Amino acid sequence: MIIAVFSLSMTAMAASVLAPSGAIGVVTIAGPLVRLTEARMEELAEALLATADEIRAASGGGGYV
């Protein structure tokens, strides 16, 4: 799952990293709204999920929430 968060002049997106026992971490991309626009987040979504999955695989975890 990707969660997008918008705050005054800043924005961020994150993907959960899961193990069989539950969440073990999160991968986040954050930056100023002028550079990390909604369109740019859509472009980065696949890479964000892939990175979370690589961490999950390296840890022996499960999948996405």
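Before reading on, note that the structure itself is shown above.
Residues numbered from 1 in each chain as written. Predicted model: local features only at pLDDT ≥ 70, side-chain atom pairs only at ≥ 80, totals over all residues. Heavy atoms only, no water.

*Asks:* Tell me what's going on with the overall build of the chain, and back it up with residues and numbers.
*Replies:* When helices and strands are tallied, the chain shows 1 helix and 3 strands. When the elements of the chain are put in sequence order from the N terminus, they spell out β-β-β-α. Out of the 65 residues belonging to the chain, those deemed buried represent 29%. Once local pairs closer than 6 in sequence are excluded, the contacts in the chain between residues at least 24 apart make up 44%. (Helix = DSSP H or I, 4+ residues; strand = E, 2+ residues; numbered from the N terminus. Buried < 20%, exposed > 50% of the residue type's maximum accessible area, 1.4 Å probe, protein only. Contact = heavy atoms within 4.5 Å.)

*Asks:* An account of the pattern of salt bridges is needed here, citing residue identities and associated values.
*Replies:* Tallied over the entire structure, the rule returns 2 salt bridges. Glu43 serves as the salt-bridge partner of Arg40, at 2.8 Å between the closest nitrogen and oxygen. Taken together, the residues span about one helical turn, with Arg40 and Glu43 both in helix α1 (residues 38–59) at a distance of 3 residues. The residue Arg56 makes a salt bridge to Asp53 at a minimum N-O spacing of 2.8 Å. Remark: Asp53 and Arg56 occur in helix α1; sequence separation between them is 3 residues, near one turn of the helix. Its relative accessible area of 28% is what places Asp53 among the partly exposed residues. (Salt bridge = Lys/Arg side-chain N within 4 Å of Asp/Glu carboxyl O.)

*Asks:* Describe the environment of Thr51, listing the residues and the values that go with them.
*Replies:* Position of Thr51 among the secondary structure elements: in helix α1. Along the chain, Thr51 and Ala15 lie 36 residues apart, while their C-alpha atoms are 8.8 Å from each other.

*Asks:* Tell me about the nonpolar core, and name the residues and values.
*Replies:* Met13, Ala15, Val17, Val27, Leu36, Met41, Leu44, Ala45, Leu48 and Ala52 form the largest nonpolar core, which has 10 residues in total. Considering every element that reaches this core, the biggest residue donor is α1, with 5 residues. Excluding its chain neighbours within four sequence positions, the residues that come into contact with Val17 are Gly22, Ala23, Ile24, Gly25, Val26, Val27, Ala52, Ile55 and Arg56. (Core = buried A, V, L, I, M, F, W, Y, C linked by side-chain atoms within 4.5 Å.)

*Asks:* Give me the pairing of strand β2 (residues 10–19): which residues, what numbers.
*Replies:* Of all the 10 residues making up β2, 9 are buried; the element is thus mostly covered by neighbouring parts of the structure. Taken together, the 10 bridges between β2 and strand β3 (residues 22–32) define a ladder with antiparallel strand orientation. Within β3, the position partnered with Thr11 by the bridge is Gly31. Linking β2 back to β3 in an antiparallel pair, the connection comprises 2 residues. (Pairing = 2+ DSSP bridges.)

*Asks:* An account of α1 is requested, with residue identities and associated values reported.
*Replies:* Working note: α-helix, 3.6 residues per turn, so residues spaced by three or four point in the same direction. Over its 22 residues, α1 runs 30 Å from end to end, which matches the ideal 32 Å to within 8%, given 1.5 Å per residue. Of all the bends in α1, the largest measures some 45 degrees and sits at Leu44. Inspection of α1 places Met41, Leu44, Ala45, Leu48, Ala52 and Arg56 among the buried residues, and these make up the whole buried set. (Expected span 1.5 Å × (residues − 1). Bend = angle between axes of the 7 residues up to and from the residue.)

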